[in-house]
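Letter by letter, the chains look like this.
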Amino acid sequence: MPSTYDVIIIGAGHNGLVAAAYLARAGRKVLVLERRELIGGCCVTEEIWPGYKVSTASYVNSLFRPTIIRDLELKKHGFEMLPRNPSSFTPFPDQRYLMLGPDAELNRREIGKFSAKDADALPRYEAMLLRAADVLEPLLEETPPNPWSGWPSELWKLAKVAWRFRKLGVDAVKAIEILTGAARPILDRWFESEQLKVTLATDAVIGVLASPTMPGTAYVLFHHVMGECNGIRGVWGYMRGGMGAISQAIASAAKSHGAEVRVNSPVSRIVVKNGRAAGVVLANGDEIAARSVASCVDANVTFLKLLDPKELPIDFVETIRHIDYSSASLKINFALSELPDFRALPGTALGPQHRGTIHICPDFDYMEHAYDDAKYGKPSASPILECTIPTSVDDTIAPPGKHILSMFVQYAPDKLREGNWDQLKEGFADRCCDILNDYAPNFKRSILHRQVISPLDLERTFGLTGGNIFQGAMSLNSMFFLRPAANFADYRTPVKGLYLCGAAAHPGGGVMGACGFNAAREMLRDRV
Ligand SMILES: Cc1cc2nc3c(=O)[nH]c(=O)nc-3n(C[C@H](O)[C@H](O)[C@H](O)COP(=O)(O)OP(=O)(O)OC[C@H]3O[C@@H](n4cnc5c(N)ncnc54)[C@H](O)[C@@H]3O)c2cc1C
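Right, let's walk through the structure included here. As the structure is a computational prediction, the values presented were derived from the model and not from experiment.

Moving on: the packing of helix α8 (residues 194–201) against helix α14 (residues 364–375). Contact geometry of α8 with α14 gives a least axis separation of 9 Å together with a crossing angle of 35°. Contacts between α8 and α14 involve Glu194, Lys197, Val198 and Ala201 on the former and, on the latter, Phe364, Asp365 and Met367.

Okay, structure coming up:
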């Protein structure tokens, strides 16, 4: 069959759309095929109840690359970020609370309630993270070098990375600890108040089946400071219209350059002819030819489900089989008749306590116990809750006077020792509601609708193996030139003409667009 398309992209996740937009802008004929009835993957807005536009999966943005916003002129296509100030609110059982945000004076006052020493230390801690981010952030938009290739150009790229580290001086040691170590010892060294440390530590376990005492969690903590909101570093914001507005803006830019996007089009097989990707077969049997194929779907699905493993080297198949897809995240979306009335800061009128991320996690022991349950294959008896109320700054996503609350819950292990998530999820969600209700006693009676998305649902709905929200763990052994596998971190795969363009590749999960951006650059280098 003659090729109608230069490139077919499997999956209209935001990364697939970014790749499509750059390829189309460079004059390639691009077709994006999405399995679901709507585009966006995990970066999506869905009207699950009439009048409520819910960011069903990802819920806050900071990481999305400013380069892409500029290049694709996304603001013209509806991309609008809404900053949050303050950015977090942590109520404690003793009715005290800690509020943090981009306002240094507010931070000083708030932390000073718990420790004057920590109030002094926070700006220095943040400056240290930003210095490390200055060095590491440019790597997000670079193709990882291949230390095993033997090509002088690759070794030169590796040397340039090492040189950047050298420029950090003694901070390089701290940067290495951040990349490899555990979050808690770092926080213990900087701060004394449990309230501040636990608020910061919750970011270290987002999406991972680990406690903050475990190696690798410091990087997850750091990952969360690498972005910006409207030019302000380290600040997270909501998107007007929900997270799907990002994907819609990219799709609109891609279409304006001629890309075609089809929904309800699950790919069942990648066609390989003479060792080269030559198109795809849809679930309905239709075959579509293309000169190249890029997959925005995770590595397990791409290589072990959509391809015949016989097309791949045995050791590569083994590496993909061993990718860590364990997960422990569950999401609950709510429609509310009124805002939570916190005991620690009462009031149902919109206040600073409603704007940022509301952390429900009183201390490290609570975190460790929550993790211990998950370690033994049980949902946490007392889970960690991270709640956001985007309607606090966006009046376009719910009927007047009503609110959306998104609750990201840890730990809900994908592999349960007893029962399955279809049986357990509503009971677990009831427990989460009870916990939030202890802090805000009007919460349960304000619930109008509730949607519970278990790890099993994350796999079924969003195509995430094991429900892993990052398309594979973000641990050091699966990052940079090891993501998804050694020798194949440059978006190319063992099958010629087949590329990865989603979070399975460097720099991994999060709404960054960087995977799609880098993949498109490499594909254009190959003259697809
Ligand atoms: C619950 C949750 C909360 C999160 N919260 C945040 C957050 O607040 N901020 C943040 O930055 N990140 C967050 N993340 C992570 C982030 O959303 C993802 O890492 C990112 O969106 C991945 O984008 P992607 O384009 O690489 O892939 P995906 O979004 O996974 O897209 C893959 C696409 O491929 C489609 N697909 C799968 N199989 C096929 C097939 N056979 N044929 C055709 N199409 C197929 C899928 O339907 C999907 O649309 C969260 C993720 C989850 C799940």
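Next, the rest of the story.
Residue placement: Ala201 occurs in helix α8. A sequence separation of 145 residues divides Ala201 from Pro346, and the C-alpha atoms of the two residues are 25 Å apart. Apart from residues no more than four positions distant in its own chain, Ala201 is found in contact with Leu187, Pro212, Phe364 and Met367.

Here His354 shows up in helix α13 (residues 352–355). Since its relative accessible area comes to 0%, His354 is described here as buried. Residue contacts for His354: discarding those within four places in its chain leaves Leu339, Pro340, Phe342, Gly347, Ala349, Ile389 and Ser392.

What follows covers the pattern of salt bridges. Taken as a whole and judged by the stated rule, the model has 33 salt bridges. Linking Asp94 and Arg96 is a salt bridge whose minimum nitrogen-to-oxygen distance equals 3.1 Å. Given the relative accessible area of 39%, Arg96 is considered partly exposed. Between Arg525 and Glu522 there is a salt bridge whose closest N-O contact spans 2.7 Å. Taken together, the positions of Arg525 and Glu522, both in helix α17 (residues 514–525) and three residues apart, correspond to about one turn of that helix.

Let us now look at the sheet that holds strand β18 (residues 403–410). With mixed pairing, the seven strands of this open sheet are ordered in space as β7-β6-β16-β17-β18-β15-β19. Among the strands making up the open sheet, the edge pair consists of β7 (97–100) and β19 (447–453). Strand-to-strand twist in this sheet, taken as the mean axis angle between neighbours without regard to direction, amounts to 20°. Strand direction decides the pairing type here: strand β16 (residues 357–360) and strand β17 (residues 384–388), joined by three bridges, are antiparallel. Each residue of the ladder has a partner; that of Ile358, found in β17, is Cys387. Set on the sheet, α8 makes contact with β6 (88–91), β7 and β16; between it and β7 the angle comes to about 55°. Most of the contacts of helix α15 (residues 421–439) go to β19, to which it runs at about 130°, and overall it touches β6, β15 (329–336), β16, β17, β18 and β19.

The residue after Gln410, namely Tyr411, is reached through a cis peptide bond having omega 10°. With respect to the helices and strands, Tyr411 occurs in the loop between β18 and α15. That bond from Arg483 to Pro484 is cis: its omega, 0°, falls within 30 degrees of zero. Tracing the backbone through its elements, the reader meets Pro484 in the loop between α16 (455–462) and β20 (498–500). Of note, Asn264 is a non-glycine position whose phi angle comes to about 50°, a positive value.

Below, the discussion takes up the pairing of strand β1 (residues 5–10). With six of six residues buried, β1 lies mostly within the body of the structure. Bridging between β1 and strand β14 (residues 287–295) involves five bridges; their strand directions are parallel. Residue pairing for β14: Ile8 is matched across the bridge by Val293. Across four bridges, β1 lies against strand β2 (residues 30–33) in parallel orientation. The residue of β2 that forms the bridge with Ile9 is Val32. Once the chain exits β1 it traverses helix α1 (residues 14–25) before rejoining the sheet at β2, and the crossover so formed is right-handed.

The subject of this paragraph is the site of the ligand. In the region of the ligand, 33 residues are neighbours, and Asn15, Glu34, Cys42, Gly510 and Val511 sit closest. One of the side-chain nitrogen or oxygen atoms of Asn15 is found 2.8 Å away from an oxygen atom of the ligand. At a separation of 3.4 Å, an oxygen atom of the ligand approaches a polar backbone atom of Ile469. Calculation on the ligand without its partners gives an accessible area of 1000 Å², and the protein chains cover 96% of this total. Taken together, the residues of the shell around the ligand break down into 19 nonpolar, 11 polar and three charged.

Describing two packed helices takes the angle between their axes plus the distance from one axis to the other. Helix α6 (residues 171–180) packs onto helix α4 (residues 116–136) with a crossing angle of 80° between their chain directions and a minimal axis gap of 10 Å. Here α4 is positioned roughly perpendicular relative to α6, judged by the angle of their axes. Packed against α4, whose contacting residues are Met128, Leu129, Arg131, Ala132 and Leu136, the element α6 presents Asp171, Lys174, Ala175, Ile178 and Leu179 at the interface.

Another aspect to go through is the environment of Pro484. Pro484 sits in the buried class, given a relative accessible area of 9%. Taking the C-alpha atoms as reference points, Pro484 and Leu500, 16 residues apart in sequence, are found 9.2 Å from one another. Apart from residues lying up to four places away in sequence, Pro484 is in contact with Ala299, Thr319, Ile320, Ile323, Leu500 and Ala504.

This brings us to the nonpolar core. Core analysis: the biggest nonpolar cluster contains 99 residues, and Tyr125, Phe222 and Met407 have the highest contact counts within it. Examining the composition of this core, we find that 10 residues originate from one element, α4, more than from any other. Among all residues touching Met407, those that are not within four sequence positions of it are Leu330, Lys331, Ile332, Phe334, Leu385, Glu386, Cys387, Cys432, Leu436 and Phe443.

Applying the stated criterion across every chain, the model contains zero disulfides. No disulfide involves Cys43; its sulfur sits 8.6 Å from the nearest other cysteine sulfur, which is in Cys42. A relative accessible area of 1% means that Cys43 is categorised as buried. With no disulfide partner, Cys296 has as its closest neighbouring cysteine sulfur the one in Cys501, 4.9 Å distant.

Moving on to the pairing of strand β12 (residues 267–273). When β12 meets strand β13 (residues 276–282), the two strands line up antiparallel, connected through six bridges. Bridge assignment links Val272 to a residue of β13, and that residue is Ala277. In textbook terms, the turn of a hairpin is the stretch between consecutive antiparallel strands, and for β12 and β13 this stretch comprises two residues, one of which, Asn274, has a positive phi near 50°.

Turning next to the packing of aromatic side chains. According to the stated counting rule, one finds 18 aromatic pairs in the structure shown. Relative to Phe443, the ring of Phe334 lies with its centre 5.1 Å away and its plane at 80°, an arrangement referred to as edge-to-face. Here Phe334 is found in strand β15, whereas its partner Phe443 is found in the loop between α15 and β19, with 109 residues between them in sequence. The pair Phe334 / Phe443 is uniform in exposure class, with both members buried. Here the aromatic residues Phe89, Tyr97 and Phe342 are joined through ring pairs into a cluster of three or more. Geometry around Tyr238 places Arg84 over its ring, the cationic atom sitting 5.1 Å from the centre.

About the thresholds
- Residues numbered from 1 in each chain as written.
- Predicted model: local features only at pLDDT ≥ 70, side-chain atom pairs only at ≥ 80, totals over all residues.
- Heavy atoms only, no water.
- Axes fitted to C-alpha atoms, helices over the stretch in contact; angles between N-to-C directions.
- Helix = DSSP H or I, 4+ residues; strand = E, 2+ residues; numbered from the N terminus.
- Contact = heavy atoms within 4.5 Å.
- Buried < 20%, exposed > 50% of the residue type's maximum accessible area, 1.4 Å probe, protein only.
- Salt bridge = Lys/Arg side-chain N within 4 Å of Asp/Glu carboxyl O.
- Pairing = 2+ DSSP bridges.
- Right-handed = clockwise from strand over helix to strand, strands pointing away.
- Near = heavy atom within 4 Å.
- Polar contact = N/O pair within 3.5 Å; in protein donor to acceptor, adjacent residues only side chain to side chain.
- Areas by Shrake-Rupley, 256 points an atom, 1.4 Å probe, with all protein chains shown as cover.
- Nonpolar A, V, L, I, M, F, W, Y, C, P; charged D, E, K, R; others polar.
- Parallel < 35°, antiparallel > 145°, perpendicular 65-115°, else oblique.
- Core = buried A, V, L, I, M, F, W, Y, C linked by side-chain atoms within 4.5 Å.
- Disulfide = S-S within 2.5 Å.
- Phe/Tyr/Trp six-rings, centres within 6.5 Å; stacked < 30°, edge-to-face > 60°.
- Lys NZ or Arg CZ within 6 Å of the ring centre and 35° of its normal.

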